[in-house]
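Residue strings, one per chain:
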Amino acid sequence: MGCAASQENSIATVSSSSNTTTTSTSNNSQKWAISRAPQGSHPINKNLTQVAAIHTSSMDSGSSTVQFPSPRGSLTTAVSSSSSGAQRKMSADSERSLHTRPLTDTAVIHKTQTSTMSTGAGDSPAYQAIERGSLYSLDYRVFIKGPQGIVSPWHDIPLFADKDKSIYNMVVEIPRWTNAKMEMATKEPFSPIKQDEKKGVARFVHNIFPHKGYIWNYGALPQTWEDPNHVVPDTGAKGDNDPIDVIEIGSKVAGRGAVLQVKVLGTLALIDEGETDWKLVAIDVNDENADQLNDISDVEKVYPGLLTATVEWFRNYKIPAGKPANEFAFNGDYKNRDYANKVIGETNEFWKALMKEASPALNTISHVPEAVHQATDEAVTAAVESTPEHGASAALPGDVDKWHFVQG
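All figures in this text were calculated on a predicted structure; none of them were measured in a lab.

What counts, and where the lines are drawn
- Residues numbered from 1 in each chain as written.
- Predicted model: local features only at pLDDT ≥ 70, side-chain atom pairs only at ≥ 80, totals over all residues.
- Heavy atoms only, no water.
- Helix = DSSP H or I, 4+ residues; strand = E, 2+ residues; numbered from the N terminus.
- Polar contact = N/O pair within 3.5 Å; in protein donor to acceptor, adjacent residues only side chain to side chain.
- Phe/Tyr/Trp six-rings, centres within 6.5 Å; stacked < 30°, edge-to-face > 60°.
- Buried < 20%, exposed > 50% of the residue type's maximum accessible area, 1.4 Å probe, protein only.
- Lys NZ or Arg CZ within 6 Å of the ring centre and 35° of its normal.
- Core = buried A, V, L, I, M, F, W, Y, C linked by side-chain atoms within 4.5 Å.
- Contact = heavy atoms within 4.5 Å.
- Salt bridge = Lys/Arg side-chain N within 4 Å of Asp/Glu carboxyl O.
- pLDDT = per-residue confidence, 0-100.

Looking at the element boundaries, glutamine 223 is found in the loop between strand E13 (217–220) and strand E14 (231–232). Residues glutamine 223 and proline 153 lie 70 residues apart in sequence; the distance between their C-alpha atoms is 8.6 Å. There is a polar contact of 2.8 Å between the side chain of glutamine 223 and the backbone oxygen of histidine 155.

Our next topic: the packing of aromatic side chains. According to the stated counting rule, one finds 16 aromatic pairs in the structure shown. Seen in terms of ring centroids, phenylalanine 209 and tryptophan 403 are 4.9 Å apart; in terms of plane orientation they differ by 85°. Their pairing is edge-to-face. Of this pair, phenylalanine 209 sits in the loop between strand E12 (207–208) and E13 while tryptophan 403 sits in strand E20 (residues 403–407), placing them 194 residues apart in sequence. Here phenylalanine 209 falls in the partly exposed class, since its relative accessible area comes to 42%. For tryptophan 403, a relative accessible area of 35% puts it in the partly exposed group. On the numbers, 6.3 Å between centres and 75° between planes, the contact of tryptophan 403 with phenylalanine 405 is edge-to-face. Taken together, the ring pairs connect Tyr214, Trp216, Tyr218, Trp313, Phe314 and Tyr317 into an aromatic cluster. If you follow lysine 335 out to its NZ or CZ, it ends over the ring of phenylalanine 330, 4.7 Å from the centre.

Ranked by size, the top nonpolar core spans 56 residues in total, and within it Trp216, Ile249, Val299, Trp313 and Phe314 carry the most contacts. If you tally residues by element for this core, the top one is helix H3 (residues 306–316), at six residues. When sequence neighbours within four positions are dropped, the list of residues in contact with phenylalanine 314 reads Trp216, Tyr218, Ile247, Leu268, Leu270, Lys279, Asn326 and Phe328.

This next bit is on the pattern of salt bridges. Overall, the coordinates contain 12 salt bridges when judged by the stated rule. A salt bridge links lysine 181 to aspartate 196, with the shortest nitrogen-to-oxygen separation between them at 3.8 Å. Residue lysine 181 is located in the loop between strand E7 (167–174) and strand E8 (182–184), and its partner aspartate 196 is located in the loop between strand E9 (193–195) and strand E10 (197–198); the two are separated by 15 residues in the primary sequence. Residue lysine 181 is classed as buried on the basis of its relative accessible area of 13%. When the shortest N-O distance is used, the salt bridge between lysine 279 and aspartate 277 registers 3.0 Å. The exposure class of aspartate 277 is buried, given its relative accessible area of 5%. Within this structure, Asp272, Glu273, Lys318 and Lys323 form a network of salt bridges that share partners.

So, on to the side chain of threonine 376. Locating threonine 376 in the fold gives a position in the loop between helix H4 (337–355) and helix H5 (377–385). Accessibility expressed as a relative area gives 3% for threonine 376, which makes it buried. From its side chain, threonine 376 meets the backbone nitrogen of alanine 379 in a polar contact 3.0 Å long.

What follows is about the confidence of the model for the protein. In the predicted model, the protein carries a mean pLDDT of 78, and 69% of its residues have values of at least 70. Note on residues 1–57: pLDDT under 50 across the span, and 169 contacts to partners over four residues away in sequence or across chains. Note on residues 61–125: pLDDT is under 50 here. Beyond four places in sequence and across chains, it has 154 contacts.

Here the focus is the side chain of threonine 310. Tracing the backbone through its elements, the reader meets threonine 310 in helix H3. When residues no more than four places from it in sequence are discounted, the contact partners of threonine 310 are Ile215, Trp216, Ile247, Leu268 and Tyr334.

Structural data, given as structure tokens:
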């Protein structure tokens, strides 16, 4: 089913009891030259185990059955601008708990058949989130550790958990109900998750009444890329130069860095500052309602109001920062599962082409055999040691819990 959203070209009215700051993504292009070197063991620091050579993976699609525990979290209670300091601290501590607690969980892959896209060749390989720096600061990074060392969540985690059943792996960047805008660092080696920034300040999304932060678990599909040189025929706009985004609408709050098995139900086509920015709608296959959700038309039956709220959220979330409302292709209607799977397939082909470029604008260091830029233990050591050890969280902004009311 679809839900319509009006396309707005002017800035809507927003009221709030606080001042707001314009924020957007700003990345400096970086080039990394990593040559192939002998594989060996290189200790990194006391917070990381010894790094060994990772088994190779392939860009050719394969299938494997993957099982992940679903991390749990708790709802962060919204606190008004008039709340006391103690209340604001309690809210901040709650959000920090929600962000950090699941990072110790391990997602275990139970391999049932040979897979040319597997990131590990042994029994029960696992992905683990390794935090570096201070949460809510610009030095914060989450590296992903595979069964034998650090991997790139963008390049080395396979797209498919089970290709025959169209079950995908999703890398969670932002847990539901949190405000810190996190993303895989596509210009850094091994693409760790980091906080987005604007003019040197860590970026947080505002709360648009009646919502608190992100209203779903938000992340991306690995081994996909929305090519900025390709004009999408159905939208008339080029790709946004990122892995394809996913919103996971299940019942549980996932941890940052978690790798979930998801079933894609459909997609929304956001036009963000003139670029096509697909927003896949998915459900964790281990969710209690997963069996009832097989296409976009099922969502309204199980989660009434969620699709409409999702369009409103994406349309309005930049307005408190002084930007115009976002627009959508297809008049804000959702496309179904078959359409979404075709979009995923296309972005996977764009990613494969990117991995073979000799001088890509983004960082493509990986363990994928077909990739031009191969990962080494020395590259892992350099990437991790370029970040500080994990420390105490930075202070949350004073207005992180405030509601903004949008009209028009």
